[in-house]
Amino acid sequence: MPTMPGLDQTARAIVADGKGILAADETVSTITKRLTARAIESTSDSRRAYREMLFSAPDIAAFIGGVILQDETIRQDSSTGIPLLELLVGRGIIPGIKVDTGVHPLAGAPGEFVAEGLDGLRARLEEYHELGARFAKWRAVFIIRDGLPTAKCIHANAHALARYAALCQEQGLVPIVEPEVLMEGAHALEQCEDVTGRVLQAVFNELFDARVSLEGMLLKPNMVTAGLRCARQASVDEVAEATLRALTRHVPPAVPGVVFLSGGQDAVLATEHLNAINALGGPKPWKLSFSYGRALQDEAMEVWQGRREHVPAAQRMFHHRAGCDSAAALGSYSG
Ligand code: 13P
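Below is a short write-up of the structure.

Basis of the calculations
- Residues numbered from 1 in each chain as written.
- Predicted model: local features only at pLDDT ≥ 70, side-chain atom pairs only at ≥ 80, totals over all residues.
- Helix = DSSP H or I, 4+ residues; strand = E, 2+ residues; numbered from the N terminus.
- Expected span 1.5 Å × (residues − 1).
- Buried ≥ 20, exposed ≤ 12 C-beta atoms within 10 Å, placed from the backbone.
- Near = placed C-beta within 6 Å.
- Nonpolar A, V, L, I, M, F, W, Y, C, P; charged D, E, K, R; others polar.
- Core = buried A, V, L, I, M, F, W, Y, C linked by C-beta atoms within 7 Å.
- Contact = placed C-beta atoms within 7 Å.
- Axes fitted to C-alpha atoms, helices over the stretch in contact; angles between N-to-C directions.
- Parallel < 35°, antiparallel > 145°, perpendicular 65-115°, else oblique.
- Left-handed = near helix turned anticlockwise from the far one by under 90°.
- Pairing = 2+ DSSP bridges.
- Right-handed = clockwise from strand over helix to strand, strands pointing away.

Under the 1.5 Å per step criterion, the end-to-end length of helix H3 (residues 44-55) is 16 Å for 12 residues, consistent within 8% with the ideal 16 Å. Within H3, the full set of buried residues consists of Arg47, Tyr50, Arg51, Met53, Leu54 and Phe55.

Attention now moves to the site of the ligand. In the vicinity of the ligand, the contacting residues are Ala23, Arg139, Glu178, Leu261, Ser262, Gly263, Tyr292, Gly293, Arg294 and Ala295. Counted by class, the shell around the ligand contains four nonpolar, three polar and three charged residues.

The biggest cluster of nonpolar side chains holds 106 residues, and the ones touching the most others in it are Val67, Ala136, Leu161, Ala165, Val203, Met217 and Leu218. Sorting elements by how many residues they give to this core places helix H7 (residues 151-170) first, with 10 residues. Leaving out residues up to four positions away in the same chain, Met217 has contacts with Ala11, Ala165, Val174, Pro175, Val177, Val212 and Val255.

Looking now at the packing of helix H8 (residues 189-209) against helix H9 (residues 236-250). Packing of H8 against H9 brings their axes to within 9 Å, and their N-to-C directions diverge by 25°. On the basis of their axis angle, the class for H8 and H9 is roughly parallel. Between H8 and H9 lies a crossing whose hand is right-handed. Contacts between H8 and H9 involve Leu189, Glu193, Thr196, Gly197, Leu200, Gln201 and Phe204 from the former and Glu238, Ala242, Arg245, Ala246, Arg249 and His250 from the latter. When its residues are assigned to classes, the contact of H8 with H9 shows five nonpolar, four polar and four charged.

Burial of strand S9 (residues 257-260) is two-sided: the residues Gly257 and Val259 facing one way and the residues Val258 and Phe260 facing the other way are all buried. With two bridges connecting them, strand S8 (residues 218-219) and S9 associate as parallel partners. Bridging across to S9, Leu218 finds its partner in Gly257. Viewed along the sheet, the connection from S8 through H9 into S9 turns out right-handed. Taken together, the four bridges between S9 and strand S10 (residues 287-292) define a ladder with parallel strand orientation. In the sheet register, Phe260 faces S10, and the bridge partner there is Phe290. At this point the chain moves from S9, through helix H10 (residues 267-279), to the parallel S10, and the crossover so formed is right-handed.

In short, the description is geometric, and any link to function would need to be established separately.
Structure representation (structure tokens):
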């Protein structure tokens, strides 16, 4: 596997000390659900105003190394007429782009999904690079239920992730490889650890076969938790230990950074989990940081309410949570 100097550098810069990623790449339909749940109208302009509120929050560049955009946002201008992407670049934040086109039912695997978007991907990556994106994201999902995920679902998604990652590197973009074992379900922590381990192993086998440079990528996994409907919820320390064990067993040390998704965890708990993982002893050869969507945004969106006069307060809320997650990425969060 060749190393790729430019890509290595970008990957390491995104997760430089105390920095993580803001995942602001919700599709129009997903962000519309989140806005309308708070009685905020979702129009192309309100979505732009919302993203601009986040991206222009004062003093966040010490905490946020990269922001993941989606197709609408990467083409939008700020209220002052500069592209939103340029606003980020001007603040020293690296812009990225979601490139999977969503999950679809996997034929022959009832109840399971495969992430799609490989057709025409090379040309799309070329265009996004031209627009200024320097990394990309592809999310696959796995469901834990009786007999699920199947080996077929794990293999199909791992293979697609590897094809995506190889194409990204060919086009000069750092791939974020996101295999998400969903928290929905009644499963115990042990089942999540087992499935997460099998998924990660399959993903790295495929990345190896696809000759993806591990130094030039980031992994975005779930933390190992009990399912949301499990009667016995694990403690913060149990989550941290199981998560680090899964990474130690299945993620090669050449990967520069592991940036967790929040997956529906409450914002404070997501901070506490990340901090506990970083506070554990033992070898941790990768940066362990965050690439949170909901856990970074929910509190700020609640304050914003779509109102211009709420922007400074919403930005303070976002700054506060990003600061907590930054401290957690260093293992120095203290509540
Ligand atoms: P959450 O942190 O809300 O899970 O979002 C992260 C993400 O990018 C999901 O693809």
